[in-house]
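# Survey of secondary and tertiary structure
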Amino acid sequence: MRIALITPARAGSRAGNRHTALRWAAMLRASGHKVSVSTSWNPETNPDMMLALHARRSHGPIRRFHEVFPDRPILLALTGTDIYRDIHTSPEAKESLELASRFIVLQPKAIEELPRRLRGKASVVLQSSSTRLRHRPVKKGFRVCVLGHLREEKDPLRTLEALSVIPAKAGIHVIQAGDSLDDSLSRRATRAMKIDTRYRWLGGVSHARALKLLASSHAMVISSRMEGGANVVSEAIRIGVPVLASRIPGNLGLLGDSYPGYFRLADARQLALQLRRTATDRRYYESLRQRIFELRPRVKPENEARMLRAAVMATAATPDS
């Protein structure tokens, strides 16, 4: 099939949506499909199907495709902001839901956010990682990394706030990487580095460097307010890095309800307690590592490719697309 893969993240972007789009395109091409990746849609490409990431931000291409080819299927991949905000509040996202033939969600709990009448159209595709890096934390101190763009949905400076109530003798230091999409957050991060030498914000880095930083850290924190199913969690699982995560559906859907490394959303003090326990309680730390190891089969690239192919074929077979 000829598939038009639409992502709002432009070429060269470090956004997770761009990485997902390129990974999916490679997987589908390996299965024999012809895939074009773009931020917009040109009717002259005459695809058999559209695969669009993001209900609100890809609304324009979705609507145009449906107008030109009303009988051709649209497979819509729903992001965290889609699932946990936009499909409830945005007219554009709501219309994208109605125009789509089927949906992809990135972890099973996301299905619960869809209208009941649409849940049967959803397929789960767990994101994977193909990195060969393995967990080799630095020898000096206890390194914690935070990876992701500085924007409100990520609650990105919660780990910095937690660090401020942890004594220096604990040996914990935090390295954060990600472009700033909010000037106030970048100012706070820059100011914090001058006050506390245990904290360093690197700004935007390449994906390869981010993975090396992850592999060299003792633990990773993901403090997001909303996530569709963060690829950085899959990468941490693949490498073997223990994760401390905000207790939100997007993280629960990837790590499991009984995973021991959660903290209450936006609760810096509970995160600080988790960080100190992770750094000082060897038995607890090893329990986190063991649970991460048990999750590794879920993030194999062949697992993601299989689920993606199944979602595409189910969409192609949808009657009256």
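Residues numbered from 1 in each chain as written. Predicted model: local features only at pLDDT ≥ 70, side-chain atom pairs only at ≥ 80, totals over all residues. Heavy atoms only, no water.

Attention now goes to empty space enclosed by the protein. What the rule picks out here adds up to one cavity of 30 Å³ or more. Leu126, Ser234, Ile237, Leu254, Leu295, Arg298 and Val299 together form the lining of the largest cavity. Taken together, the residues that form the lining of the largest cavity break down as five nonpolar, one polar and one charged. (1 Å grid on protein atoms, 1.4 Å probe; cavity = no way out; pocket = protein on both sides within 12 Å on 5 of 7 lines; lining within 4 Å. Points joined across faces, edges and corners; volume = space filled by probe spheres on them. Nonpolar A, V, L, I, M, F, W, Y, C, P; charged D, E, K, R; others polar.)

Next up on the list: the side chain of Asp196. Looking at where Asp196 falls in the secondary structure, it is placed in the loop between helix H6 (183-195) and strand S9 (199-201). A polar atom in the side chain of Asp196 sits 2.9 Å from the side chain of Arg198. (Helix = DSSP H or I, 4+ residues; strand = E, 2+ residues; numbered from the N terminus. Polar contact = N/O pair within 3.5 Å; in protein donor to acceptor, adjacent residues only side chain to side chain.)

The subject of this paragraph is the environment of His54. Relative to the helices and strands, His54 is located in the loop between strand S3 (49-53) and helix H2 (59-68). Distance in space between the C-alpha atoms of His54 and Leu5 is 11 Å, their sequence separation being 49 residues. Side-chain polar atoms of His54 contact the backbone nitrogen of Arg57, separated by 3.1 Å. Among the polar contacts made by the side chain of His54, one reaches the side chain of Asp82 at a distance of 3.3 Å.

Ranked by internal contacts, the top residues of the largest apolar core, which has 77 residues, are Trp24, Ile104, Met220 and Leu255. Excluding anything up to four places from it in sequence, Leu255 contacts Val233, Ile237, Val243, Ala245, Tyr262, Ile292 and Leu295. By size, the runner-up hydrophobic cluster in this structure holds 26 residues, among which are Ala4, Leu97, Ala100 and Phe103. (Core = buried A, V, L, I, M, F, W, Y, C linked by side-chain atoms within 4.5 Å. Buried < 20%, exposed > 50% of the residue type's maximum accessible area, 1.4 Å probe, protein only. Contact = heavy atoms within 4.5 Å.)

Turning next to the sheet that holds strand S1 (residues 2-6). With parallel pairing, six strands are arranged side by side in an open sheet as S2-S1-S3-S4-S5-S6. Of all strands in the sheet, those bounded by a partner on one side alone are strand S2 (34-38) and strand S6 (122-124). Across the sheet, the mean angle from the axis of one strand to that of its neighbour is 20°, orientation sign disregarded. Two elements, S1 and S2, share five bridges in a ladder whose sense is parallel. Each bridged residue has a counterpart across the sheet, and for Ile6 the counterpart in S2 is Ser38. Each of S1, S3 and strand S4 (74-77) touches H2; the most contacted strand, S3, lies at about 165° to it. (Pairing = 2+ DSSP bridges. Axes fitted to C-alpha atoms, helices over the stretch in contact; angles between N-to-C directions.)

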